[in-house]
Amino acid sequence: MALAVEATPQVLIIGGGVIGCSVAYHLAQRGLKNILVVERNTLGSGSTSRAAGGIRLQFSNEVNIRISQYSLDFFENFNRYTGLSQEECDIGFHQYGYLFLLTNEQTWREFRENVVLQRQLGVPVEEFNQAELAERYPGLEVSDVLGATFCGKDGHASMHEVTQGFARKARQAGVTFWENCAVKAIKREGRRIVEVETDRGLIRPEVVAGCAGPWSGLLGEMAGVEIPVKPYKRTLFFSEAFDELSPTQPMTIDMGTGLYFRREGPGFLIGETDESQLPGFDISTDWNWLDTVVEHAMQRVPSFERLRIRNGWSGLYDTSPDHNSIIGKIPELDNFYVATGFSGHGFQQSPAAGLLISELIVDGQAKTIDISSLGIERFRSGRLTRERNIV
Ligand SMILES: Cc1cc2nc3c(=O)[nH]c(=O)nc-3n(C[C@H](O)[C@H](O)[C@H](O)COP(=O)(O)OP(=O)(O)OC[C@H]3O[C@@H](n4cnc5c(N)ncnc54)[C@H](O)[C@@H]3O)c2cc1C
């Protein structure tokens, strides 16, 4: 039996993570009325719910710094921009800073080059030598650290509140959300997507925005285009209350091992990338990884010997070949845009990503930030967009 056409939206957003919800919010801000978001599970239940919530300005290339500047300002003023009161939405943006520890000559040199660019673009980043670091952060073991960079505007916020905040305002502006609704197939005619099959029926959209996070490669397959995004498992652990480090300890990243930790209430959130992971969709918590993380954590913070791990979880990075986002139109199609491949920095880039997709759809071009280097074409031409500060 043929499925009935259930909706004919002006824009169909596939994926209700923080990116899809930001796209919906920004499109609604531009006055579009007929927007539909379809989400296979519940809003924000994908990678968004698994993130560490980190937000930073300290990137190494101009486009990422500009995206972060727009986004950080948005997070600082989330209630003012969205019009939601603190009672309605409190994103809990704690600006304790990001502290990058460099233990290798080459990386330290590169980070100092980054600082030059960051300062040129107005990022208030500081550099510490080993003695300054030891004085400011007495709990850290820094005898092997050559230097560090720190930006006090960086911090972390609640992924749940940000996602729900975007969704709430979008809903108030007339956006429709279908949760528990999966996209099963995409039908093309020539250079256009004409029909999207879901388990609630058919949708005939004018424009499609693909915001499927780590599942973007599969979405591309449905549309007959290659979207080079792969899912990589990443694991975080969190601890019981721990008062032997400052209550405002910054997000601290050991670039030697990849270990990172930050305050989570009275305890700590700790993670480290397991480079041996192969791509896959399994997100069972990787408890085998805990020993490595704890070993590196105790080397960097000797008092962590007394830290008690309470729980942990794993989630997926939506990783692109150059660890940078893909924001733009798919060249083979006239009505298919994507915002994906954020490779571990999608939560923090979500405000700008939503804005830029809304500009591409409404104005035909991204106006606020030059994102020509983030187009999917770069993987075909081989002109990759390098980013050194990958966590
Ligand atoms: C352990 C970990 C730590 C992280 N830490 C940070 C951090 O500190 N800072 C930061 O900025 N980022 C961080 N990230 C990355 C961040 O979580 C992601 O980049 C971001 O959440 C991507 O958002 P998204 O909306 O694109 O993806 P998602 O949240 O995954 O949303 C995509 C949605 O699409 C839906 N979907 C997929 N296919 C279909 C379909 N066929 N039909 C309908 N719906 C579909 C999924 O159900 C999902 O909800 C971290 C990620 C992990 C795993």
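Given the structure is predicted, the values throughout are model-derived calculations rather than measurements.

### Looking at the overall build of the protein chain
Phase 1: Scanning the protein chain for helices and strands turns up 10 helices and 20 strands.
Phase 2: Relative to a compact globule of 391 residues, whose C-alpha radius of gyration would be 21 Å, the protein chain shows 21 Å and is just as compact.
Phase 3: Put simply, the protein chain has 391 residues, and 48% of those count as buried.
Phase 4: Intrachain contacts of the protein chain at a sequence separation of at least 6 include 75% that bridge at least 24 residues.

### A look at the nonpolar core
Phase 1: Within the largest apolar cluster, 108 residues are counted, with the highest numbers of intra-cluster contacts made by Ile13, Ala24, Ala209 and Ile357.
Phase 2: The residues that make up this core include at least three from each of domain 1 (5-52 + 159-229 + 322-381) and domain 2 (94-154 + 232-317).
Phase 3: Excluding its chain neighbours within four sequence positions, the residues that come into contact with isoleucine 357 are Val23, Ala209, Ile327, Tyr337 and Ala339.

### Observations concerning the sheet that holds strand β16 (residues 259-264)
Phase 1: If you trace the eight strands from one edge of the open sheet to the other, you get β6-β7-β5-β15-β16-β17-β14-β18, paired in mixed fashion. The sheet is open, and its two borders are formed by β6 (125-129) and β18 (309-319), each paired with just one other strand. Averaged over all pairs of adjacent strands, the angle between strand axes in this sheet comes to 20 degrees, irrespective of strand direction.
Phase 2: Direction of pairing for β6 relative to strand β7 (residues 147-151): antiparallel, over a ladder of five bridges. Note on β7: the bridge partner recorded for valine 125 is cysteine 151.

### Notes on the domain arrangement of the protein chain
Phase 1: Under the domain assignment used here, the protein chain contains domain 1 (5-52 + 159-229 + 322-381) and domain 2 (94-154 + 232-317).
Phase 2: The centre of domain 1, based on its C-alpha atoms, is set 31 Å off from the matching centre of domain 2.
Phase 3: On the domain 2 side, the residues contacting the seven residues of domain 1 number eight residues.
Phase 4: Split into classes, the residues belonging to the side of domain 1 that touches domain 2 amount to three nonpolar, three polar and one charged.

Rules used throughout
Residues numbered from 1 in each chain as written. Predicted model: local features only at pLDDT ≥ 70, side-chain atom pairs only at ≥ 80, totals over all residues. Helix = DSSP H or I, 4+ residues; strand = E, 2+ residues; numbered from the N terminus. Rg over C-alpha atoms; globule rule 2.2 N^0.38 Å. Buried ≥ 20, exposed ≤ 12 C-beta atoms within 10 Å, placed from the backbone. Contact = placed C-beta atoms within 7 Å. Core = buried A, V, L, I, M, F, W, Y, C linked by C-beta atoms within 7 Å. Domains from an automatic or database assignment. Pairing = 2+ DSSP bridges. Axes fitted to C-alpha atoms, helices over the stretch in contact; angles between N-to-C directions. Nonpolar A, V, L, I, M, F, W, Y, C, P; charged D, E, K, R; others polar.

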